[in-house]
Amino acid sequence: MKNSTFPKNRRQFLIYMVAGTAGTVALGWLFPNLVKSQETELETLCSLFPYNSRCRNYLPGVQAIDNQGNPIDPPSLLAKAVPGIPVELEGLSKPTYLIITEKHQIAPYGIRPVCTHLGCTVDWKSERNRFVCPCHGSEYDAMGRVEKGPAKRPLPLVTVVVKQNQIRLVDRQPGVDPRGSRSSN
Ligand code: FES
């Protein structure tokens, strides 16, 4: 009797074990993807309709930090910033430069110091009030617009959001450029 029931229970046990393992694996895959898709949905909603009630506490992108890794307090930054002089921040994979407007506000976009000629990292030269590329000498003004080639396009932008006393940096696709063309000096 024992011998006839044991294989049946063993088979069931194996079936449960395989089903349980498959279920755990499926949940392990499904749950992060579900959370990710909800995050993506919220991100899309809040980028299109930032004043939607669901977006009140939504913080887009990554928080800007200083070169010591400390979060940046917008009022303290503005107290030291000078309009027209870019302020270097960390947070994304490369440093980002905030633009301080004539009205002493943080512009809703920042500059990524990636040369549009062949991708070298440009340096801010405060004595010249320009970004200068160390590779082939392209120069850009304080807003990232080309002053001297071989680069032909302005430095790329990131979106900057100041919310809940944080500065958030959001990757941005190329599109309409809010900087306009450079005024001739
Ligand atoms: Fe900057 Fe060539 S990569 S000028």
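Calculation notes
Residues numbered from 1 in each chain as written. Predicted model: local features only at pLDDT ≥ 70, side-chain atom pairs only at ≥ 80, totals over all residues. Heavy atoms only, no water. UniProt positions renumbered as here; feature names shortened; annotations may be inferred. Helix = DSSP H or I, 4+ residues; strand = E, 2+ residues; numbered from the N terminus. Buried < 20%, exposed > 50% of the residue type's maximum accessible area, 1.4 Å probe, protein only. Contact = heavy atoms within 4.5 Å. Areas by Shrake-Rupley, 256 points an atom, 1.4 Å probe, with all protein chains shown as cover. Phe/Tyr/Trp six-rings, centres within 6.5 Å; stacked < 30°, edge-to-face > 60°. Pairing = 2+ DSSP bridges. Core = buried A, V, L, I, M, F, W, Y, C linked by side-chain atoms within 4.5 Å. Disulfide = S-S within 2.5 Å.

The chain goes by (2Fe-2S)-binding protein in an unreviewed UniProt entry, where it is assigned to Hydrococcus rivularis NIES-593. One UniProt comment on the chain, placed under Cofactor (unreviewed entry), says "[2Fe-2S] cluster".

**Digging into the overall build of the chain**
The helix and strand inventory of the chain stands at two helices and 10 strands. In the chain, the succession of α and β elements from N to C terminus is α-β-α-β-β-β-β-β-β-β-β-β. Here the chain, with 185 residues, has 28% of them falling under the buried criterion. Contacts in the chain between residues at least 24 apart in sequence constitute 46% of all its contacts with a sequence separation of at least 6. Carbon and sulfur atoms form 58% of the exposed surface of the chain, whose accessible area is close to 12300 Å².

**Looking at the packing of aromatic side chains**
Applying the stated criterion across every chain yields a total of two aromatic pairs. With 4.9 Å between their ring centres and 80 degrees between their planes, Tyr 97 and Phe 131 make a pair best called edge-to-face. Of this pair, Tyr 97 sits in strand β3 (residues 96-100) while Phe 131 sits in strand β6 (residues 130-132); the two residues are 34 residues apart in sequence, bridging distant segments of the chain. Across the pair, Phe 131 and Tyr 97 agree in class, each one buried. Among the aromatic side chains, those forming a connected cluster through ring pairs are Tyr 97, Trp 124 and Phe 131.

**Re the sheet that holds β6**
Judged by pairing direction, the sheet is antiparallel, and its four strands sit side by side in the order β5-β6-β7-β8 without closing on themselves. Sheet topology places β5 (123-125) and β8 (146-148) at the edges, where each strand pairs with a single neighbour. Pairing geometry for strand β7 (residues 139-140) and β8, over two bridges, is antiparallel. Note that in β8 the partner of Tyr 140 across the bridge is Val 146.

**Side note on the nonpolar core**
Ile 111, Cys 115, Val 122, Phe 131, Tyr 140 and Leu 155 are the most contacted members of the largest nonpolar core, which totals 16 residues. Among the elements of the structure, β3 and β4 (106-111) are those that each provide at least two residues to this core. Sort the elements by how many residues they give to this core and β4 lands first, with three residues. Non-local contacts of Cys 115, meaning those with residues more than four positions away in its chain, are made with Cys 120, Val 122, Cys 133, Ser 138, Tyr 140, Ala 151 and Leu 155. With 13 residues, the next largest nonpolar core counts Ile 72, Val 87, Val 158 and Val 160 among its residues.

**Observations regarding the sheet that holds strand β10 (residues 166-170)**
Ordered by their spatial adjacency, six strands build an open sheet running β1-β10-β9-β4-β3-β2, and the pairing between neighbours is antiparallel. Two strands in the sheet have a free side with no partner beyond their single neighbour: β1 (62-63) and β2 (87-89). When β3 meets β4, the two strands line up antiparallel, connected through three bridges. Residue pairing across strands places Ile 100 opposite Ile 106, the latter belonging to β4.

**A word on the state of the cysteines**
Applying the stated criterion to the full structure yields one disulfide. Put simply, Cys 120 and Cys 135 are joined by a disulfide, and their sulfur atoms are 1.9 Å apart. With the S-S dihedral at roughly -95 degrees, the linkage between Cys 120 and Cys 135 falls on the left-handed side. Here Cys 135 lies in the loop between β6 and β7 and Cys 120 lies in the loop between β4 and β5, a separation of 15 residues in the sequence. Given a relative accessible area of 38%, Cys 135 falls into the partly exposed group.

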